[in-house]
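Residue-level structure breakdown
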Amino acid sequence: MNEKNHSGHSELKHHFASDNYAGICNEAWAAMAEANRGMASSYGDDYWTAEACEKIRELFETDCEVFFVFNGTAANSLALASLCQSYHSIVCHEMAHIETDECGASEFFSNGTKVLLVPGENGKIDLDAVEHTIHKRTDIHYPKPKALSITQATELGTLYSVQELQAIGELAKKHSLRVHMDGARFANAVASLNVAPKEISWQAGVDVLTFGGTKNGFAIGEAVVFFNKELAFEFDYRCKQAGQLASKMRFLTAPWIGMLESGAWLKNAAHANNCARLLENEIRKIPQVRVMFPSQANSVFLEMAPEALEALRGRGWHFYTFIGSGGARFMCSWDTDTAEVANLVADIKASVA
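Here goes a summary of the coordinates provided.

1. Let's talk about the overall build of the protein
- Counting its secondary structure elements, the protein contains 13 helices and 12 strands.
- Against the compact-globule benchmark of 20 Å for 353 residues, the protein has a radius of gyration of 21 Å, which places it among compact chains.
- Principal-axis analysis of the C-alpha atoms places the extent of the protein at approximately 60 × 55 × 35 Å.
- Per-residue burial for the protein yields a buried fraction of 53% across its 353 residues.
- The contacts of the protein with a sequence gap of at least 6 include a subset with a gap of at least 24, amounting to 75%.
- When the accessible surface of the protein is split by element, carbon and sulfur atoms take 49% of a total near 15800 Å².
- Of the charged side chains in the protein, 31 are positive and 43 negative, and the gap between their average positions amounts to 2 Å.

Below you can see the structure in the form of structure tokens.
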């Protein structure tokens, strides 16, 4: 399926299996190069880390505690561990990334906090189902619900509106639940909803956000943003114990400065979203293919006949079918080219013919 280029490296015909396939964008690369001049203190005691924290506070227009880890699994699991005791439970959507794709990390790092699953259309939690789960049992033999985890954008490429998030925040407050937001694609949500970041985070009742960088053009790294600063108590120790405290922290944090100062974080997300809209619009013209969910961020889920999927793979395209509800997921990234979208659409048409 993969061909070799002249350098001997594997060259892919596509960029649609995951937005993790994309490389580092210019702004993030330049910021890392700038940070690479000379020596700097280690473990986050440096100019770039302090400045990155300030830039994130400015972005969200509030005082908050900010930490940096290598990846999203660590960001989510360590953040959730800070919200719960081991005898508590975390309520989330049945297709949430923390449930389906993180190998039990939330339970592991919280010393056994149980994850309770609720349904909901288009990847978004159903508030009645959350209520039912909370009231299902209140005896001492049942893990007490303590955290509510939501994903923005969701695993199915949909978005919670400002109003939906406010309703979630009110429900959480009513039941004394702490709210965690998995924001691996938070930038895509901000770009699509055209709102200030604060409107879909702390103003809506989110206590802690895992703010994704890797999928938005960074080399590596996510930010864990505590809007409820009390919950960040000794979070630095959690990071250290979990092997998530970078010794050369400046290379995780400098890209945040370059991306936020230049606006590239939002530009990149908007471009990925626009490519997904283009793909969705073209696919809707093909009667043999069904778009499974509203495409509101940078992914498009398609339902095709099994033989059409195999024919598409035979043409060199790689995509996942285990994410979501069994459809084929196509992700657009910050460097997706519209010509690539056109090539994919043409091959889909040929595959279903």
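Following the structure, the description resumes.
2. A word on the nonpolar core
- Counting residues in hydrophobic clusters, the biggest one holds 61 residues, and the most contacted among them are Ile-56, Phe-68, Phe-211, Val-225 and Trp-256.
- Considering each element in turn, this core owes the most residues, 7 residues, to helix H10 (residues 250-262).
- Excluding its chain neighbours within four sequence positions, the residues that come into contact with Trp-256 are Ala-52, Ile-56, Phe-68, Phe-211, Gly-212, Gly-213, Phe-218, Gly-221, Glu-222 and Ala-223.
- Core analysis: the next-biggest nonpolar cluster, separate from the first, contains 24 residues, Phe-16, Ile-283, Val-341 and Val-352 among them.

3. Some words on the sheet that holds strand E8 (residues 208-212)
- An order of E3-E9-E8-E7-E6-E4-E5 is seen for the 7 strands of this open sheet, with the pairing classed as mixed. Edge positions in the sheet fall to strand E3 (65-69) and strand E5 (114-118), since each of these pairs with one other strand and no more. Shown here is a sheet whose adjacent strand axes are inclined to one another by a mean of 25°, direction ignored.
- Two elements, E8 and strand E9 (residues 222-226), share 5 bridges in a ladder whose sense is antiparallel. Bridged to Gly-212 within E9 is Glu-222.
- Sheet strands in contact with helix H2 (residues 47-60) are E3, E8 and E9, and its direction is about 125° off that of E3.

4. Quick word on helix H6 (residues 127-136)
- For H6, the complete set of buried residues consists of Ala-129, Val-130, Glu-131, Thr-133 and Ile-134.
- Looking at the buried side of H6, the elements it contacts are strand E4 (88-93), E5, strand E6 (144-151) and helix H7 (162-174).

5. Structural notes on the pattern of salt bridges
- By the definition in use, this model includes 18 salt bridges.
- Arg-57 is the partner of Asp-63 in a salt bridge, and the nearest nitrogen-oxygen pair spans 3.8 Å.
- A residue is classified by how much of its surface remains accessible, and Asp-63, at 46% relative accessible area, is partly exposed.
- Put simply, Glu-310 and Arg-313 hold a salt bridge, and the shortest N to O gap is 2.9 Å. You can see Glu-310 and its partner Arg-313 sitting in helix H12 (residues 306-314), 3 residues apart, about one turn around the helix.
- A single network of salt bridges, built from pairs that share partners, joins Glu-54, Arg-57, Asp-63 and Lys-229.

6. Examining the environment of Met-32
- Tracing the chain through its elements places Met-32 in helix H1 (residues 26-35).
- Met-32 sits 219 residues away from Phe-251 along the chain, and the two C-alpha atoms are 5.8 Å apart.

Conventions and cut-offs
Residues numbered from 1 in each chain as written. Predicted model: local features only at pLDDT ≥ 70, side-chain atom pairs only at ≥ 80, totals over all residues. Heavy atoms only, no water. Helix = DSSP H or I, 4+ residues; strand = E, 2+ residues; numbered from the N terminus. Rg over C-alpha atoms; globule rule 2.2 N^0.38 Å. Buried < 20%, exposed > 50% of the residue type's maximum accessible area, 1.4 Å probe, protein only. Contact = heavy atoms within 4.5 Å. Areas by Shrake-Rupley, 256 points an atom, 1.4 Å probe, with all protein chains shown as cover. Lys, Arg positive; Asp, Glu negative; His and termini not counted. Charge placed at Lys NZ, Arg CZ, Asp CG, Glu CD. Core = buried A, V, L, I, M, F, W, Y, C linked by side-chain atoms within 4.5 Å. Pairing = 2+ DSSP bridges. Axes fitted to C-alpha atoms, helices over the stretch in contact; angles between N-to-C directions. Salt bridge = Lys/Arg side-chain N within 4 Å of Asp/Glu carboxyl O.

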